[in-house]
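Chain by chain, the residues:
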Amino acid sequence: MWKASAGHRVEAEDTGADDDWETDPDFVNDVSEKAQRWGSKSVEGTGRVGTVKIEDLRKDVVQDDQKIKQESKRENFAYGYGGKFGVQSDRKDKAAFGADEFTEKSVHSSQVDGKKGFGGSFGVDERSRDKNALGFDAAGRTEQHSSTTDYKKGFGGAHGVAPTDKHAHSTDEPIAPVGTAYEKPKITAGNAGAAKSRFEKLAQENEERSRREAEERKAARAAEDQRRQEEERKRDEAKLEEERKARPAAPAPAPAPVPAAVFPAAETVDLSSLTVTVDTVRPTEHAPITAYDKNNLRVLLHICRAQSVPANVVILLASFANAGALPISRVNFQAAVPKTLQIKLLPPSGTELPPFNPVQAPTALTQLMLLGNPSKAPLRLRFKLSFVVSGQEISDQGDVSTFPTL
């Protein structure tokens, strides 16, 4: 064991060889900051060049390019990588073959080497023989079940001496009837007929019930319609009676001067021979009556007169105006009056109404109607109106009974 002792002098032998530290006592670090950043002074080619002349660089590139082109002109293209494309066979590519190259396909080692293989007639190594590898001369034969080949062993009965199988029977053994407690019910002709009659009766009852319900619904609808019509009739009669009572007594207006020979007085008026136009009629002092104002369509009835029409015939001018931004087409107006009046509808001026334009005068359709009133009865009109807006057909109806006394 090493032991330090006081008073002993330790001497080290100086061999003159460099130590492992590679130290130099006189080393002076004269590396500048630029050299520390961009390279070492001791290694040639390192460090960052201060400036680069572009012209010199271009000249060097042109010279190198010319040198490469001259060297490429001296190349011998007879040399290549093998085959008939070159003479350097040592550099021939193994994967490159000519058109005349022919290679035989190799077979499996078990078919080539007769001493080694996977068995059978292709080798003697029976231990490495593959059971699924057979030659073309192998004749396969399906093996039969042991019960069909070995008559000393089987599943019993006449086919062997083994214990008899309960489910195996010989051909000479009688077949026992199938054991079951189910007995098929016997259906007599009388029972079948009764079932058929019962189903037919059910079907007849269902049909009778459906027909009776349909008749009840039809009768209820008819009664409801009759009740509604009766209510409307009573309401109209009461309204007319109230108007008659509230109407002040006024002298009858003086009739227009009409030659007696042309329009004789009668209980009925022949409207078939009468005809007027919009240019031949003149409005009266009565205000127009609003008959319809829905779905951007407004219908007004104007009471007019004409010199060629007798006093017992009232001229109504129906005007149709569009108050919406969509056009209205296929306008159809139909009217009817009570039996005490007669009516004749003249053809309308058109069936199309353009959209409403606030900067232009509204375009209106007109249709004239002649109402014969020989008995001076109160005027009453029922109409039916249909038209088409944006591809949707609208149909509506209404009554007008607010005519003034004429």
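Residues numbered from 1 in each chain as written. Predicted model: local features only at pLDDT ≥ 70, side-chain atom pairs only at ≥ 80, totals over all residues. Heavy atoms only, no water.

Novice: What exactly am I supposed to notice about the overall build of the chain here?
Specialist: A count of helices and strands for the chain gives five helices and nine strands. Beginning at the N terminus, the succession of helices and strands in the chain can be written as α-α-α-α-α-β-β-β-β-β-β-β-β-β. Residue burial in the chain is summarised as follows: out of 406 residues, 18% are buried. In the chain, 52% of the contacts between residues at least 6 apart in sequence involve partners at least 24 apart. (Helix = DSSP H or I, 4+ residues; strand = E, 2+ residues; numbered from the N terminus. Buried < 20%, exposed > 50% of the residue type's maximum accessible area, 1.4 Å probe, protein only. Contact = heavy atoms within 4.5 Å.)

Novice: I tried to follow the pattern of salt bridges on my own but got confused; where do I start?
Specialist: If the charged atoms of two oppositely charged side chains come close together, the side chains can form a pair. Summed over all chains, the structure comprises 13 salt bridges. The salt bridge involving Arg227 is made with Glu224; its shortest N-O contact spans 2.2 Å. Residue Arg227 and its partner Glu224 are both found in helix 5 (residues 189–246); the two are separated by three residues, about one turn of the helix. According to the relative accessible area criterion, Arg227 is partly exposed, its value standing at 39%. (Salt bridge = Lys/Arg side-chain N within 4 Å of Asp/Glu carboxyl O.)

Novice: Can you walk me through a nonpolar patch on the surface in this structure?
Specialist: On the surface, a nonpolar cluster with roughly 370 Å² of combined accessible area is contributed by Val52, Ile54, Leu57 and Val61. Residue position: Ile54 is located in helix 2 (residues 54–73). Note on Ile54: relative accessible area 48%, which makes it partly exposed. (Patch = residues over 30% accessible without salt bridge, like charges linked within 9 Å, V, L, I, M, F, W, Y side chains within 5 Å. Areas by Shrake-Rupley, 256 points an atom, 1.4 Å probe, with all protein chains shown as cover.)

Novice: For this particular structure, what's the right way to read the pairing of strand 8 (residues 381–389)?
Specialist: Note on strand geometry: in a regular strand, side chains alternate between the two faces of the sheet. Across the nine residues that make up strand 8, a large majority, seven, are buried. Sheet topology note: the strand 5 (residues 328–336)/strand 8 ladder contains seven bridges and is antiparallel. Pairing of Phe333 across the sheet is with Leu385, part of strand 8. As paired strands, strand 8 and strand 9 (residues 392–400) are joined by nine bridges and run antiparallel to one another. What sits directly across from Val389, in strand 9, is Gln392. Two successive antiparallel strands, strand 8 and strand 9, enclose a turn made up of two residues, where Ser390 displays a positive phi of approximately 55°. (Pairing = 2+ DSSP bridges.)

Novice: Any chance you could explain the nonpolar core here in plain terms?
Specialist: A general trend in soluble globular proteins is that nonpolar side chains are found buried together. The biggest cluster of nonpolar side chains holds 29 residues, and the ones touching the most others in it are Leu297, Leu301, Phe320, Met369, Leu385 and Phe387. Secondary-structure elements contributing two or more residues to this core are strand 2 (289–294), strand 3 (297–305), strand 4 (313–322), strand 5, strand 7 (364–372), strand 8 and strand 9. Per element, the largest residue contribution to this core is five residues, and it comes from strand 8. With residues near it in sequence (within four places) discarded, Leu301 still touches Pro288, Ile289, Ala291, Leu317, Ala318, Met369, Leu381, Val400 and Phe403. Of all hydrophobic cores here, the second largest spans 14 residues; its members include Leu274, Leu346, Leu368 and Leu370. (Core = buried A, V, L, I, M, F, W, Y, C linked by side-chain atoms within 4.5 Å.)

Novice: Looking at this structure, I do not really get a negative patch on the surface. What am I missing?
Specialist: Residues Glu55, Asp56, Asp60 and Asp64 make up a contiguous surface patch of negative charge. Residue position: Glu55 is located in helix 2. (Lys, Arg positive; Asp, Glu negative; His and termini not counted. Charge placed at Lys NZ, Arg CZ, Asp CG, Glu CD.)

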